[in-house]
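# Observations on the three-dimensional arrangement
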Amino acid sequence: MRLINRLFLALLSCALSVGVFAQTQDSTVVAAKDSVAPKKTKVFLEHANTLSFDKERNAEAQVLNGDVCFRHDSSYMYCDSAYFFEQTNSLEAFSNVRMEQGDTLFVYGNYLFYDGNTQIAYLRENVRMENGQVTLFTDSLNYERIPDIGYYFDGGLIVDSLNQLSSFYGQYSPSTKLAIFNDSVRLENEQFTLYSDTLHYNTDSKIATILGPSIIVSDSGTIYSSRGWYDTVNNTSLLLDRSQVVSGDRILTGDSIAYNRELGFGEAFGNMSLQDTAQHVMLEGQYGFYNEKSEYAFATDSARFLEFSQGDTLFLHGDTLKMTTVDSLYREVKAYYGVRFYRTDMQGVCDSMQFNTRDSILYMYTDPIVWNEQYQIYGDTILIFMNDSSIDFAHVKQFAFAIQQIDSTAFNQLKGNDLKAYFEGQVVNQIDVSGNAESIFFPLEKDGSMVGMNETKSGFLTIWLKDNKLDKLKIWPTPTGTMTPIPDLKPDQKYLKDFYWFDYIRPKDKDDIYQVVKRKAQDAPKRSNKFVH
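Because the structure is a prediction, the values reported are computed rather than measured.

Calculation criteria
- Residue positions are counted from 1 within each chain, in the order its sequence is given.
- Local features in this predicted model are restricted to residues whose pLDDT is 70 or higher, and side-chain atom pairs enter the listing and the counts only when it is 80 or higher, whereas totals over whole chains, interfaces and linings include all residues.
- With hydrogens and water set aside, each side-chain value is computed from the structure's full complement of heavy atoms.
- Salt-bridge detection follows one rule: a side-chain nitrogen of Lys or Arg within 4 Å of a carboxyl oxygen of Asp or Glu.
- Going along the chain from the N terminus, every DSSP run of H or I of four or more residues is numbered as a helix, and every run of E of two or more is numbered as a strand.
- Each residue is assigned to one of three classes by its accessible area relative to the maximum for its type, calculated with a 1.4 Å probe on protein chains only: buried under 20%, partly exposed between the two thresholds, exposed over 50%.
- Residue types Ala, Val, Leu, Ile, Met, Phe, Trp, Tyr and Cys, when buried and joined through side-chain atoms within 4.5 Å, form a set referred to as a nonpolar core.
- We call two residues in contact when some of their heavy atoms are within 4.5 Å.
- Here the aromatic set is Phe, Tyr and Trp, taking the six-membered ring for Trp, and pairing holds for ring centres within 6.5 Å; pairs whose planes are under 30 degrees apart are stacked, those over 60 apart are edge-to-face, and all others are tilted.
- Charge-over-ring placement is defined geometrically: NZ (Lys) or CZ (Arg) within 6 Å of the ring centre, and within 35 degrees of the ring normal.

Next up on the list: the pattern of salt bridges. Across all of its chains, the model carries 16 salt bridges by this definition. The partner of R250 in a salt bridge is D276, and the shortest N-O contact between them spans 4.0 Å. With R250 in strand 20 (residues 250-260) and D276 in strand 21 (residues 265-276), this residue pair connects regions lying 26 residues apart in the sequence. When its relative accessible area of 11% is taken as the criterion, R250 is described as buried. For the salt bridge of D512 with R340, the shortest nitrogen-to-oxygen distance reads 3.2 Å. With D512 in the segment after strand 38 (480-485) and R340 in strand 27 (residues 330-343), this residue pair connects regions lying 172 residues apart in the sequence. You can call R340 buried: its relative accessible area is 5%. Each member of the salt-bridge network shares a partner with another, and the members are R250, D276 and E295.

Backbone geometry follows two general trends: most residues other than glycine have a negative phi, and most peptide bonds adopt the trans configuration. For the bond from W476 to P477, the omega torsion is 5°, close enough to zero to count as cis. By secondary structure assignment, the location of P477 is in the loop between strand 37 (469-476) and strand 38. A positive phi angle, close to 60°, is found at S302, a residue other than glycine. Looking at where S302 falls in the secondary structure, it is placed in the loop between strand 23 (296-300) and strand 24 (304-307).

Once that is clear, we can look at the nonpolar core. Ranked by internal contacts, the top residues of the largest apolar core, which has 93 residues, are F70, L91, L112, M353, I384, L414 and L419. Not counting chain neighbours up to four residues away, the residues in contact with L414 comprise A400, F401, A402, L419, I431, V433, E438, S439, F441, L461 and I463. Judged by nonpolar contacts, the second largest core, of 19 residues, contains I369, Y378, F401 and F502.

To continue, consider the environment of A297. Tracing the backbone shows A297 in strand 23. Judged by its relative accessible area of 1%, A297 is buried. Through-space distance from the C-alpha of A297 to that of G266 is 9.5 Å; in sequence the pair is 31 residues apart. If we ignore the near neighbours within four places in the chain, the residues touching A297 are L274, L283, F289, Y290, L321, K322 and M323.

The relative placement of two aromatic rings is captured by the distance of their centres and the angle of their planes. Counting across every chain of the model gives 27 aromatic pairs. Between the aromatic rings of F289 and Y296, the centroid separation amounts to 6.0 Å while the plane-to-plane angle is 40°, which identifies the pairing as tilted. Under the relative-accessibility criterion, F289 is labelled buried at 17%. Pairwise contacts between aromatic rings join Y378, F401, F411, Y495, F499, Y500, W501 and F502 into one cluster. Residue placement shows R128 over the ring face of Y108; its charged tip is 4.2 Å from the ring centre. The positively charged end of K472 is found above the aromatic ring belonging to W464, 4.9 Å away from the centroid.

Written out as structure tokens, the structure is:
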């Protein structure tokens, strides 16, 4: 009766294991069931110390003890004791079980049921599969000889010369060297740990293929990806499907990222972004890269820079954007060619620009223009001094021109060698002009009407504004001026030399920064101050 029970349990185990295998194979890339059905050959008993029959329990079972060995084609099975079912071409093996196939595959365990017709081995308890430098550990392993695949389904571990991989379900093919892991996957390396839902791994190339949500953690940072591959030998990877590489306060994101961990270099393609969470800035573009070691970043193709340390975000576009780190704390951002930026309180355009987070100064070069509400400022070079992301003052060097629009034909104007416009909140409240100061103002009556145009010339000039209107005016040391009634004004008297109204170039919103707007031929200033890139 004991023998019959053992046989029944073995057959039941066989049926359950085959069911589990069929379900699991549906969810893996390698489909063993697609293989041709194995040719049926006989299992032979090679030797045993004793052989007997227990007719009362099972007349068909040969009871074998001591140094038992079976052979099936090129595969040998060893154990301390066994039941051999010659009619069903199967066997049960107990204690010190060892299975050998050629000189490259060895499987060990405490129990084995082997079906010679299907050529499937079911090993249980303290199972170990060795194939060269690869060792698989588990308590439940099914091994199919024809597709040459061993798989576990209740937790296991695969170790090679470089990595250790564990999961709830796993399978390994000694012939292809490909391992497949599902559910609670963990790849451990001396330099990093990879956690995944689904992972393929080649024990020859040591390349892990990511096929499910995965996290790679190391001292240098963290990688998030759901598809791609990681070369564990060279520490290089290709990450797809909006992956992220996190290094300190910086997060590199892209539709695809080519990443070299040794060099600390990530190259992103498609909807790239690099966010600095400490400095509250971000680079965007369709292509870009970031070097973790030099902390140098580059973005191009619809490139955009965002500064959002306060509630109001600055959106800046240029053909090429570069961001470098100075003294490990401060960022320096450079923008080249067709620079346009927008913030609700300030807009601007220029050819080249530089922004330093250390001194919070925005440097604008080559035909720069800045707008604030109805004010327009332009000149050779403009420096905008920020204070906690709000504007402190703007400094226009060498040549400066400030304009305030009154209506469609009337403009207050200031011109000189040097100009500083001071802000209170988000509006201009004072303007200082130094050197060859010229002005045109249209004083307004209490009812808002204009009675004339006031034109002055002096060495220096300061105006104070209140509610966007002229409050006070100071001119020194030896000012000259004229007051012309509105009816007596000729059109050419209403504008100072070098007056241009560039409202058609002004960015209208955060999306308008991408528009290419060229100056009209008659509005092209003769002055220029090229920025050396």
